[in-house]
Amino acid sequence: QVHVVESGGGLVQPGGSLRLSCVASGKFASINFMGWHRQAPGKQRELVAELKSGATTKYADSVKGRFTISRDGARNTVYLQMNSLKPEDTAVYFCNVGVTVEVAFGRNKVPQDFASWGQGTQVTVSS
């Protein structure tokens, strides 16, 4: 019920910048959180940044001060501004969106929380 698409990845030199975008589409009652994870070859997927209701943010220690997560006015798009990029930032970056969907069962409506993932966008930091 929720489609998530990332864009903005590419090749950048060390010290450069990139901005990733993630658009969530579909039918849902609300967005509870939007965030970014990344996975490098041979490594476990890790949380990079997350934005929850009330504009509460969370960042991995390795990206604090360099990365910034934000939403647009429609609150269906999330961005990850990445500055001062390092070779160790090289990874596939995945967008994660948590939504609430109201499911009807006869007379009743039951809210259900779901998390959806995008396919990922490659970020390569190299000279």
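Look a little higher up for the structure.
Calculation rules
- Residues numbered from 1 in each chain as written.
- Predicted model: local features only at pLDDT ≥ 70, side-chain atom pairs only at ≥ 80, totals over all residues.
- Heavy atoms only, no water.
- Salt bridge = Lys/Arg side-chain N within 4 Å of Asp/Glu carboxyl O.
- Buried < 20%, exposed > 50% of the residue type's maximum accessible area, 1.4 Å probe, protein only.
- Helix = DSSP H or I, 4+ residues; strand = E, 2+ residues; numbered from the N terminus.
- Disulfide = S-S within 2.5 Å.

Draft legend 1. Structural detail: the pattern of salt bridges. Counted under the stated rule, the structure contains five salt bridges. Salt-bridge contacts for E46 lead to R38; the nearest nitrogen and oxygen are separated by 2.9 Å. R38 sits in the buried class, given a relative accessible area of 6%. With a shortest N-O distance of 2.8 Å, R66 and D89 are connected by a salt bridge. Of the two residues, R66 sits in the loop between β6 (56–59) and β7 (67–71) while D89 sits in the loop between β8 (77–82) and β9 (91–105), which places them 23 residues apart along the sequence. You'll find R66 and D89 in the same group, each marked buried. A single network of salt bridges, built from pairs that share partners, joins R38, E46, R66 and D89.

Draft legend 2. Up close: the state of the cysteines. This model, assessed by the stated rule, comprises one disulfide. In this model, C22 is linked to C95 through a disulfide, with the two sulfur atoms separated by 1.9 Å. Taking the torsion about the sulfur-sulfur bond, which here is approximately -85 degrees, the covalent link between C22 and C95 counts as left-handed. Note that C22 is positioned in strand β3 (residues 18–26) and C95 in strand β9, a separation of 73 residues in sequence. Accessibility assignment for this pair places C22 and C95 in one class, buried.

As far as function goes, none of this settles anything; it's purely spatial.
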